[in-house]
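Structure at a glance
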Amino acid sequence: MAAPENSKIRWRSVCIGKITVIVCTILTILTQKCSALPDFPSVTYEMMYSAGLDAYSNQKWSDCMKFMSRAIEDYHFYTETLAECRRLCTKANKFNTQKPVDMQLAIFGNYVYKSNCIRKCKMTKFKTRPDNYSAEVDEAFENLKPYDYYQLCAFKIQLYQHAAAAAYTFLLSNKDNEAMQKNIHYYRSLPQVKDEFFVNLEEKPYQTHYIRAVEAYNREDWLGVIESMEKSTREYFKEHRTCRLLCEGKVEQEQQLDFIENIADYFIKVLDCKKSCGQKLDKIYGQFIEDFIAGCYHYLQFAYFKVGEFNHASECAGTYLLFKPGDETMEANKDAYLRLKGIGPMSFTPREDAQKHYDLIAFEAQLLKYIDEHYMFDITEVIDDDDEFDDLFLGDSADELDILAKKKHDLEEFERAHGFQVFAGPKELKGKKRVVVDGFLTDEQCGWLKELANIGGIKGDGYQQYSTPHTKHEMYHGITVDKAAELVEGAKINMTAAELYLNVSELMRQYTEKYLNLASPLYFHFTHLVCRTSLDDGEERTDLSHPIHADNCIMTTDGKCLKKLPAFIWRDYTGLLYLNDNFEGGEFFFADRNKSMQSSVKPKCGRLVSFQASDYHGVKAVTSGQRCALAVWFTLDRMYQETAHDTAFQLLAKLRENPDLIGQKKETEKDDSVPVGKTKALEVYDDSNVQVIATDEDLGGPQRMAADGLATEEECQELCKLANGHGKRGSGYRGHVSPLSTHESFEGLDVPEAAEAAAVQGDGYRGKEKQSSPHTKHEIFAGLNVVHAYKLVQQMKVGVKAVKLYLDVAERAKEFTARYFGLTQPLYFDFTHLVCRTALEDHKSNQNRQRKDLSHPIHADNCHIQQDGSCRKKPPAYIQRDFRYLFSHKTRFWARCLLHLPRFKSKYTKHQTA
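The rules we used
Residues numbered from 1 in each chain as written. Predicted model: local features only at pLDDT ≥ 70, side-chain atom pairs only at ≥ 80, totals over all residues. Heavy atoms only, no water. Helix = DSSP H or I, 4+ residues; strand = E, 2+ residues; numbered from the N terminus. Buried < 20%, exposed > 50% of the residue type's maximum accessible area, 1.4 Å probe, protein only. Areas by Shrake-Rupley, 256 points an atom, 1.4 Å probe, with all protein chains shown as cover. Pairing = 2+ DSSP bridges. Contact = heavy atoms within 4.5 Å. Axes fitted to C-alpha atoms, helices over the stretch in contact; angles between N-to-C directions. Lys, Arg positive; Asp, Glu negative; His and termini not counted. Salt bridge = Lys/Arg side-chain N within 4 Å of Asp/Glu carboxyl O. Disulfide = S-S within 2.5 Å. Phe/Tyr/Trp six-rings, centres within 6.5 Å; stacked < 30°, edge-to-face > 60°. Lys NZ or Arg CZ within 6 Å of the ring centre and 35° of its normal.

**Here we look at the overall build of the protein chain**
Secondary structure assignment for the protein chain yields 30 helices and 28 strands. Here the protein chain holds 914 residues, and the buried ones make up 48% of them. As presented, the protein chain carries roughly 45900 Å² of accessible surface, and 51% of it is formed by carbon and sulfur atoms.

**Considerations on the environment of T208**
Topologically, T208 is positioned in helix α9 (residues 205-218). Given the relative accessible area of 15%, T208 is considered buried. Linking T208 and K231, residues 23 residues apart in sequence, is a C-alpha distance of 9.6 Å.

**Some words on the sheet that holds strand β6 (residues 474-479)**
One open sheet holds the eight strands; their spatial order is β3-β4-β15-β11-β18-β7-β6-β5, and the pairing between them is antiparallel. Only two strands of the sheet have a single neighbouring strand rather than two, namely β3 (421-424) and β5 (458-459). Sheet topology places β6 next to strand β7 (residues 523-534); six bridges connect them, and they run antiparallel. Each residue of the ladder has a partner; that of E474, found in β7, is S534. Across the sheet, helix α20 (residues 443-456) touches β5, β6, β7, β11 (573-578) and β18 (626-635), and the angle it forms with β6 is around 100°. Sheet strands in contact with helix α22 (residues 495-515) are β3, β4 (435-438), β6, β7, β11, β15 (608-612) and β18, and its direction is about 55° off that of β18.

**Concerning the pairing of β11**
Most of β11 is tucked away, with six of its six residues classed as buried. Burial of β11 is two-sided: the residues Y573, G575 and L577 facing one way and the residues T574, L576 and Y578 facing the other way are all buried. For β11 and β15, the ladder comprises five bridges, and the chain directions are antiparallel. Bridge pairing in β15 places L577 opposite L608.

**Brief notes about the sheet that holds strand β14 (residues 597-601)**
Spatial strand order, β8-β16-β13-β14: four strands in an open sheet with antiparallel pairing. Edge strands, defined here as strands with exactly one partner in the open sheet, are β8 (544-549) and β14. Averaged over all adjacent pairs, the angle separating strand axes in this sheet is 25°, with direction ignored. Where β8 and strand β16 (residues 617-620) come together, three bridges link them in antiparallel fashion. Note that in β16 the partner of H549 across the bridge is H617.

**So, the side chain of D461**
Mapped onto the elements, D461 comes out in the loop between β5 and β6. For the buried residue D461, which engages in no salt bridge, the nearest side chain bearing the opposite charge is K483, 8.5 Å off.

**Some remarks on the state of the cysteines**
On inspection of all chains with the given rule, the structure shows eight disulfides. The residue that forms a disulfide with C446 is C605, at a sulfur-sulfur distance of 2.0 Å. Around the S-S axis, the bridge from C446 to C605 shows a dihedral of about 95° and counts as right-handed. Taken together, the residues span a long stretch of sequence, with C446 in helix α20 and C605 in the loop between β14 and β15 at a distance of 159 residues. Using a relative accessible area of 2% as the deciding quantity, one classes C446 as buried. With a relative accessible area of 17%, C605 lands in the buried category. A sulfur-sulfur distance of 2.0 Å marks the disulfide that ties C531 to C628. Between C531 and C628, the S-S dihedral sits near 110°, and the bridge is therefore right-handed. Taken as a pair, C531 in strand β7 and C628 in strand β18 lie far apart in primary sequence, 97 residues in all.

**A short note on the environment of L502**
Along the chain, L502 falls in helix α22. Distance in space between the C-alpha atoms of L502 and A644 is 9.9 Å, their sequence separation being 142 residues. When residues no more than four places from it in sequence are discounted, the contact partners of L502 are V481, H645, A648, F649 and L652.

**Comments concerning the packing of aromatic side chains**
A complete count under the given rule lists 44 aromatic pairs for this structure. Both rings, one in F77 and one in F126, keep their centres 6.2 Å apart while their planes meet at 70°; by these two values the pair is edge-to-face. One end of the pair, F77, is in helix α3 (residues 61-88); the other, F126, is in helix α4 (residues 103-126), and 49 residues separate them in sequence. With centroids separated by 5.3 Å and ring planes inclined at 85°, the aromatic side chains of F590 and F611 adopt a geometry described as edge-to-face. With F590 in strand β13 (residues 588-591) and F611 in strand β15, the pair connects residues that are 21 residues apart, well separated along the chain. Among the aromatic residues, ring-to-ring pairing joins Y206, Y210, Y217, W222, Y236, F237, F292, Y299, F302, F305, F310 and Y337 into one connected group. Sitting over the face of the ring of F414, K514 holds its NZ or CZ atom 5.4 Å from the ring centroid. For the cation-ring pair, R607 lies above F423, with the distance from its terminal atom to the ring centre recorded as 3.9 Å.

What follows is the structure in structure tokens.
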């Protein structure tokens, strides 16, 4: 009798009993001093998660652990109770749908009845508890983000057992997280950390029983296999039902639709969520087990066979074949069972619970297949596959058919005129609004553009000068269309290549618009000529050149596509035009919600791939050579149209008319950071006193500048008065009065903490209140945060005018930074601080003259500087920070800002509140 394979799983050698003890111990500690939720119905996991983030930000590690563990406990309580309410009300029907007067009326009448049932249940269970949670927070809990913070906070106070367990739990659901992999490696290197500490705090009952069953199988304890695997299957179906019920929650509506359309769109999103439950649950130790539930019955049939219970063995074999019909091994087992006395065809009838599960999943799969192939998600969509018209009702209007025929004829004429040939369409690419077209460029033209990219391309262009943004094995460099025009002006490249760049991107826009038959015109959002070069030619790689993603939304672990910042949510379509094929790997591919490849496209000169920006796609590793392409992202919203094309067109037209201008303008060397058009973006400051006094060239690095005039002398004096009169000593430095140098004092006010009303030294350097020299004993630091300033206004200790000036100057600094660097996304405040540092010795003293220390040691604001000079972006560094602005007078003011939404949303909220 063939036995099931168990080689796919790398089994833990730790005794299961010991694991259970450790889990119970840690969960007990996690929840100590935390009251059960019903005692505090208005305190939710979102509130406690926010409090945990604040505690983490303020380096209150014990509080961070307490709030995060409490948030996790409450999240489980809420989701489990919510699922139970929905389960109890599943069969709550008021109206008979067998012989209704009106079927639709009866169906929706029952939905009203069920809704009322669920609301009553929630009111009974949750009482006055709020029932509105942000998608961002729910996603954090689904991805087990609280465990990430918990392990960091536990590590800070050397609670390694808790840190190891939380880190391991997080890693099991986020196996590609390199930072956590390194954390686990570090924890394992500590002598006080034992193997038993690495346990899954989120292990479900079906997983526990499954692990026990496989361990029993390995020691040939067949009764143990039966007992544990039977429990595992029962618990699995229960967990699967819970997962499906939780899918019936709130769904973001992206557009206003009719009643039936709204219901259908909502239902499809719920269906997609339910489909993902199998992907979520079919995991042991974080490793996906293919055909998980079928495998359970394989173990059972073999164990029952070993103990001589052939009727149960046959039943499990039949159940396995329900999920895996035609499996050769199980068919052979079935033939063997049929030769036994008392075993007939009916003995292989699948189990009832498994049959119900299978029928439901199979029916939903059929429905989703129809939706993928035929449902019109976008009303501007035109189905250009003749076979699909048979399944759609287009109406009786001859005018409609004439319009469609004319548009199709126009597209064919456009293709013939330019020599385009469709290589693959929606059917081959397995998705609507996808097309691959050849003939956009000749070999010679591809060579021109590739040469342009290599001559004028900037390392890391489009990725904040990070040359290896997606993989350490490949280097990226690129150039925008306006920068190409500038290089023509500087006589660095010929005009033919730059004009080709401009013209072919316009041709891509026109063809995409015509092929998709859009009701609205397309606009350029971002145009980029980019090459990626393999750094490890010939080496075997398992990573991707560009991981699976969408161009206008954030892909979640369950396959959802969330349209929210920092994604480019205004992007609607993407066009990729390839320039060469003389490299290894680098195939473009489309993927489904489960990150499974649907179809692939091999790049070649002149081949265009166009698709919806919401389609999941990626690029296979470039294992040798250089892969170049022209990438264009389009938007239907004119507000987000880039100015680069107009800038390039005007400059090239000017140079054609006046060729003598070419080579006359002295180009700024290595202007890797400031986009063309910076001057235009700063026109708003032309009539002000703001003046740039130093650029990146003067300051020795990209994306650096210094400017005068953002505040008047009078305003500077007012801010000095505010900081000196009400600054908190050690602000931003854990209460340390002299955080960075032994020769100065520091005063300031920071955003994250609302401090006492009186001035306190060391503000922002929270910690031991009486320690006066955290950085240097020669300086005192004090500061003021905006929330504290707001409270001072409430207490009538300072005037509104001074605090408003504080906020206004911060806003000026943010706006000027964004405009100077030509940023395409908004900046947000992460940390705002009005600070003063004061020398403790007279500047004429010999002691002060002999100082060799720094007031603030060399550092970076979002990473840890290593001995080799590299900068590692990992917590507890403030990795969410992107830009910093320093404003100096007699006091010093700074605002740190983000390109994306702040990691800690509460900080931004406090700044806005003030």
